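Notes for the structure review
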Amino acid sequence: MVDSTLAQVGKNLSEAMMILGDGQREMEMGTERRRFSRTSIPGPLQGEMQNVGEQAHMALLGHSLAAYISVLDRERLRKLTTRILSDTTLWLCRLFRYENGSACFHEDDRAGLVRVCRLVINVRYEEFATEGYAVLSSKQPVIYQSSSCRPGLGQHLCSQLGLPLSSLCTVPCNTIFGSQHQMDVALLDKLIKEDIEAGKLPLLLIANAGTPGAGHTDKLGRLKELCDQYNMWLHVEGVNLATLALGQVTSAVMAATRSDSMTLTPGQWLGLPAVTAVTLYRHEDPALSLAAGLTSSQPVEKLRALPLWLSLQHLGHNGIVQKIKHATALVMVSLCAQQVEDELNSPVVLFKFSQEMSAGKILTLGEQLAQLVPTSGVDVVELEDEGTCVRFSPLLTAAVLGTQPEDVEELVERLSELVPVMSSTMCLRQDFREESHRHSASLRYVDDISWPGLGVVRYEPQAEGMDESRRKQVLEKINNELLRKLQDLDTDIIFSTGPEFGAAKYTIFVGMVTEDVDVSELVDTIAALGRDIEESGRLLENMTEVVRKGILEAELQLQKANEEKLIEEGMLRQIPLVGSVLNWFSPVESSIKGRTFNLAAGTGCTYCNPPPPPKKTKTKL
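All values derive from a computational prediction rather than experimental measurement.

Before going further, it helps to examine the sheet that holds strand E8 (residues 349-351). Read across the open sheet, the 3 strands follow the order E8-E10-E9; overall the sheet is antiparallel. Each edge of the open sheet carries a strand with a single partner, namely E8 and strand E9 (379-383). For this sheet the average axis-to-axis angle between neighbouring strands, irrespective of direction, equals 45 degrees. Relative to strand E10 (residues 387-392), E8 runs antiparallel, the two being bridged by 3 bridges. By the bridge assignment for E10, Phe 351 is matched with Val 390. Along the sheet, helix H15 (residues 359-372) makes contact with E9 and E10, crossing E10 at roughly 10 degrees.

Printed below as a string of structure tokens:
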């Protein structure tokens, strides 16, 4: 098996090197005009749609190939890396409608923005290259971000750039007009003016084409106008940028193509493992781009683009577009299944529970959906206004999980089944609490707001005369047995045990129920089963104690009988050989006493001696 795997890897490497070699020969055979023309670098992507396994294999193959190429001679390495970087850059710019752009390939999807910020600092502070951070003291730079951006993004930027957190300005989202996840443009304008009046320098604005939580797009057109007005750099990121590859793109997302830079994550969108993120940007000064780290003079650094270069060729233009189109179509399937209209054209669907429900209950709902329909890729997100929601974002998961329309239909079906059950459970929780208090002599209700089920109870046995250690043993034994009996009942209700620590120790968690459940009967059943187990255990303990005492009493009686026998028969008769001779010549009538033991009464008695055995007679030999 190892040999066949190595052979397959070698074959794939050979094919990949043939692709590189063919392209290199084409470059060498071209005219001087073609050699230095951008249009001569790549042709259109010709590959066809393949399955996820082959795509993943191709991306991983790229890393192996990069290691192999890195040991080539310097001149050949330079030519190959230039070809790879140029091809990949032009393909991405064409795919995502970003004309005259350059590309930076980076492992951390935040690294491109960090380098863009360094570029803008170098541009706006002309003496930064010689004076360093001292020039920033005259006018403190300000970076603006939306309150709906990725958590921790602004803090990461300040940490990497060596800027104080006061250089970060978080702009609130709309509160009256528009989406509550879109940046408030009017308020941003006001904040910029205030910073300018305070002697600060507005540097860069981070906008969203698909917020991390809800997938909403900022008003990029108006934000671009504002950035032009104040000479600010506009950077855009978000999952909606993937739709730029489609034939029809909304005007809100299309405005992202006018931005100064944007970060793409094709690995997530296309289901490609270990593929770098890409930041496309427009800037004419290669020296400043090099100083900011957006480009590199080292050929080996350019090999980061190789896995993506191979994957894009393997998929082809049609395959890439088809994958993104498939993911966006899944959103429409989910909306149609719920008979809901998409007013914001967002590729993210949020399921918000209408009733008051804790985050823990919604988290459990999301986990159940993920287990029931694992290919759906649903997860749970926490949003500032909507609270905790279940999210379906196929652009981030469908390519990897292979999500199909029937999976989405099953997801909506399962959700339609779970929501009514959860609603009825919430309505009956108070009844369950009250019924448990009605049996307070034996049942104790345990508050657990994170539990999405009907409630949590513990059976409390009578503990008179027990020490604490003994009481815990009995408590654990009874509740474990009660849980087993409840789980054996013919019911759809799920009973489970609690954690091994805290207030929920030795408890029974009652799961979600339908509206036709009789809560009073359910609590009566739990209490009755607990009493039966407790009484059975007490009877068994009493019986065990009676038997133990009876055995001790029998041992004493046997010891006494042996002593009486010794006195009656004498010491000589106890010696084996001598006793046999004496018993032959002078037999002794032994008084053998039988004994009985009454388990119910716990008493023993001695019954009458049996008839004596016949006397032995001597016979002649």
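Attention now moves to the sheet that holds strand E14 (residues 508-510). The sheet built from 4 strands is open, its strands ordered E11-E12-E14-E13 with antiparallel pairing. Where the open sheet ends on each side, the last strands, each with one partner, are strand E11 (443-446) and strand E13 (495-497). When the angles between neighbouring strand axes are averaged without regard to direction, this sheet yields 35 degrees. Both E13 and E14 contribute to a ladder of 3 bridges, which runs antiparallel. In the sheet register, Phe 495 faces E14, and the bridge partner there is Val 510.

Further remarks concern the packing of aromatic side chains. For any pair of aromatic rings, the description rests on two quantities: the centre-to-centre distance and the angle between the ring planes. Applying the stated rule across the entire model yields 5 aromatic pairs. Relative to Tyr 133, the ring of Phe 128 lies with its centre 5.3 Å away and its plane at 85 degrees, an arrangement referred to as edge-to-face. Judged by relative accessible area, which is 16%, Phe 128 ranks as buried. On the basis of relative accessible area, Tyr 133 is assigned to the partly exposed category, the value being 44%. Both rings, one in Trp 451 and one in Phe 509, keep their centres 5.0 Å apart while their planes meet at 80 degrees; by these two values the pair is edge-to-face. On the criterion of sequence distance, the pair formed by Trp 451 in the loop between E11 and strand E12 (455-459) and Phe 509 in strand E14 is long-range, its members being 58 residues apart.

Before going further, it helps to examine the state of the cysteines. Summed over all chains, the structure comprises 0 disulfides. Distance from the sulfur of Cys 117, which forms no disulfide, to the nearest cysteine sulfur (Cys 158) is 8.8 Å.

What follows is about helix H4 (residues 74-95). Note: α-helices contain 3.6 residues per turn, so residues at a spacing of three or four share the same orientation. Helix length check: H4 (22 residues) gives 31 Å between terminal C-alpha atoms against 32 Å at 1.5 Å per residue, within 8%. One or two positions beyond H4, positive phi appears at Arg 97, with a value near 60 degrees.

Of all 8 residues in strand E4 (residues 201-208), 8 are buried; the element is thus mostly enclosed. The sheet contact formed by strand E2 (residues 141-146) and E4 spans 5 bridges and is parallel. Its bridge partner lying in E4, Gln 145 is registered against Ile 206. Here E4 pairs with strand E5 (residues 233-237) via 5 bridges, running parallel. If you follow Asn 208 over to E5, its bridge partner there is Glu 237.

Summed over the entire model, instances satisfying the criterion amount to 20 salt bridges. The closest approach of N and O atoms between Arg 150 and Glu 237, which form a salt bridge, is 3.2 Å. Separated by 87 residues along the polypeptide, Arg 150 in the loop between E2 and helix H7 (153-161) and Glu 237 in strand E5 bring together distant segments of the chain. The exposure class assigned to Glu 237 is buried, which follows from its relative accessible area of 7%. As a salt-bridge pair, Asp 260 and Lys 224 come within 3.5 Å of each other at their nearest N and O atoms. Taken together, the positions of Asp 260 in the loop between helix H10 (251-254) and strand E6 (261-264) and Lys 224 in helix H9 (residues 220-229) put the pair 36 residues apart, joining distant regions of the chain. Like Asp 260, the residue Lys 224 is buried in the burial classification.

Two elements in contact, H15 and helix H17 (residues 405-438), have axes whose closest approach is 10 Å; the angle formed by their N-to-C orientations is 150 degrees. In this structure, the crossing between H15 and H17 has a hand that is right-handed. Together, Lys 361, Leu 365, Gln 368, Leu 369 and Leu 372 of H15 and Glu 410, Leu 411, Arg 414, Leu 415, Leu 418, Met 422 and Arg 429 of H17 make up the contact between the two elements. Considering only residue class, the contact of H15 with H17 consists of 7 nonpolar, 1 polar and 4 charged.

The next thing to look at is the confidence of the model for the protein chain. Across the protein chain, pLDDT averages 81, with 74% of residues at or above 70. Below pLDDT 50 for its whole length, residues 48-52 participates in 12 contacts with residues either more than four positions away or in separate chains. Here residues 616-621 is modelled with pLDDT under 50, and outside its nearest four sequence neighbours on either side it reaches 2 contacts, counting other chains as well.

Looking at the secondary structure, you find Glu 468 in helix H18 (residues 468-487). Among the polar contacts made by the side chain of Glu 468, one reaches the side chain of Arg 471 at a distance of 3.2 Å.

Once that is clear, we can look at the packing of helix H5 (residues 111-124) against H7. Their axes nearest at 10 Å, the elements H5 and H7 cross at an angle of 55 degrees. When the interaxial angle is binned, H5 and H7 end up oblique. Note that H5 runs across H7; the crossing there is right-handed. Listed contacts from H7 to Leu 113, Val 114, Cys 117 and Arg 118 of H5 are Leu 153, His 156, Leu 157, Gln 160 and Leu 161. When grouped by side-chain class, the residues that make up the contact of H5 with H7 number 6 nonpolar, 2 polar and 1 charged.

Conventions used here
- Residues numbered from 1 in each chain as written.
- Predicted model: local features only at pLDDT ≥ 70, side-chain atom pairs only at ≥ 80, totals over all residues.
- Heavy atoms only, no water.
- Pairing = 2+ DSSP bridges.
- Helix = DSSP H or I, 4+ residues; strand = E, 2+ residues; numbered from the N terminus.
- Axes fitted to C-alpha atoms, helices over the stretch in contact; angles between N-to-C directions.
- Contact = heavy atoms within 4.5 Å.
- Phe/Tyr/Trp six-rings, centres within 6.5 Å; stacked < 30°, edge-to-face > 60°.
- Buried < 20%, exposed > 50% of the residue type's maximum accessible area, 1.4 Å probe, protein only.
- Disulfide = S-S within 2.5 Å.
- Expected span 1.5 Å × (residues − 1).
- Salt bridge = Lys/Arg side-chain N within 4 Å of Asp/Glu carboxyl O.
- Left-handed = near helix turned anticlockwise from the far one by under 90°.
- Nonpolar A, V, L, I, M, F, W, Y, C, P; charged D, E, K, R; others polar.
- pLDDT = per-residue confidence, 0-100.
- Polar contact = N/O pair within 3.5 Å; in protein donor to acceptor, adjacent residues only side chain to side chain.
- Parallel < 35°, antiparallel > 145°, perpendicular 65-115°, else oblique.

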